[in-house]
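Structural features, examined
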Amino acid sequence: MTATTLTTGAAPRQIRGGVVGMLRDSWVVAKRNLRRMTRIPEIVVFGLMQPVMFVLLFTYVMGGAIQVPGGDPNSYKQYLMAGIFAQTVTFAVAGASAGIAEDMTKGLVDRFRSLPMARAAVLVGRTLADLVQTAFTVLVLAIVAFLIGWRINNGFLQALGGFGLLLLLGYAFSWIGALIGLSVRSPEAATSAGLIWLFPLTFVSNAFVPVSGMPSWLQPIANWNPFSATVQACRELFGNPTGAPNTSWPMQHAVWVSVGWSLLIMAVFSYLSVRKYRSATA
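This section reports on the structure supplied with the text.

Here is what the cut-offs are and how they apply
- Residues numbered from 1 in each chain as written.
- Predicted model: local features only at pLDDT ≥ 70, side-chain atom pairs only at ≥ 80, totals over all residues.
- Heavy atoms only, no water.
- Phe/Tyr/Trp six-rings, centres within 6.5 Å; stacked < 30°, edge-to-face > 60°.
- Helix = DSSP H or I, 4+ residues; strand = E, 2+ residues; numbered from the N terminus.
- Buried < 20%, exposed > 50% of the residue type's maximum accessible area, 1.4 Å probe, protein only.
- Lys NZ or Arg CZ within 6 Å of the ring centre and 35° of its normal.
- 1 Å grid on protein atoms, 1.4 Å probe; cavity = no way out; pocket = protein on both sides within 12 Å on 5 of 7 lines; lining within 4 Å.
- Points joined across faces, edges and corners; volume = space filled by probe spheres on them.
- Axes fitted to C-alpha atoms, helices over the stretch in contact; angles between N-to-C directions.
- Parallel < 35°, antiparallel > 145°, perpendicular 65-115°, else oblique.
- Left-handed = near helix turned anticlockwise from the far one by under 90°.
- Contact = heavy atoms within 4.5 Å.

With that out of the way, let us pick up the packing of aromatic side chains. Summed over the entire model, instances satisfying the criterion amount to 15 aromatic pairs. Between Phe58 and Phe208 the ring centres are 4.6 Å apart and the planes differ by 15°, which places this aromatic pair in the stacked class. Of this pair, Phe58 sits in helix H2 (residues 42-62) while Phe208 sits in the loop between helix H8 (198-203) and helix H9 (219-223), and the two are 150 residues apart along the sequence. According to the relative accessible area criterion, Phe58 is buried, its value standing at 8%. Joined through ring pairs, the aromatic side chains of Phe54, Phe58, Phe91, Phe199, Phe203 and Phe208 make up one cluster. The cationic tip of Arg235 hangs over the ring face of Tyr79; the distance from NZ or CZ to the ring centre is 3.6 Å.

Laid out in structure tokens, this is it:
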């Protein structure tokens, strides 16, 4: 591996080059963020409360008024859970953006910058820590879903594939949160900016109601929504009701479209985030 010499102030420092060095530095940053989560359990507890509340409200308050085409009167909770899972992993964007904005305002990023570490490691480590927290949240939410009657009907391996798609989407969206956190001036603004655009994204989709009930001009937008592709793919992999037959191309190839959208979002926003980080700390 090669080493690049950088100068900050009067003394030069050596940054270990290569992918291995970047991954090592990223893991150090990820462990720092994971320790912080364990020392401030309120972060995890309140992160769990919102998705559980959505499950209970949609199932017991609004579920009786929403009928899934082709399903029995009790099928809505089976239809709902893939949408709640997907909403949960994407709403983690707010935590990622607020956390990075807080590190920026407290000067922690400047301290990282003075260390011999890879530039991208700060963001990679943060997003990896958020991925671990998201995985824990999804696990708890799945237990709650089983308690209220949700079931997996296509076997364990396909279910693992569905949860893998959810975590891939969540990790891709965490890079959007990283860019937002680097672009605003306070954690409060980062939280608002991280959530406000997610509501139309999640509700103009097949997450909570079938697309067939939407106005005709809105249906193509919902079908091509990356959120819809992941929800549809998870329903297929979990063996849950998918609603009325949908002949649009993204819904007919939902698994591959979900993977493609997630990789595209990750590639674009990781590049923009690292570039923004470098310019913000230059």
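Here the structure, examined in full by the defined rule, presents two cavities of 30 Å³ or more. In this structure, the second largest cavity encloses a volume near 40 Å³. The wall of the second largest cavity is formed by Ala92, Val93, Ala96, Thr127, Asp130, Leu131, Thr134, Gly170, Tyr171 and Ser174. Put simply, the parts of the chain that give the lining of the second largest cavity at least two residues each are helix H3 (76-105), helix H5 (121-147) and helix H6 (156-183). Sorting elements by how many residues they give to the lining of the second largest cavity places H5 first, with four residues.

This part takes up the packing of H5 against H6. Packing of H5 against H6 brings their axes to within 9 Å, and their N-to-C directions diverge by 135°. What the angle tells us is that H5 and H6 run oblique. The crossing of H5 and H6 is right-handed. The segment H5 lies against H6, with Leu123, Val124, Thr127, Leu128, Leu131, Thr134, Ala135, Val138 and Ala142 engaging Phe163, Leu167, Tyr171, Ser174, Trp175 and Leu182.

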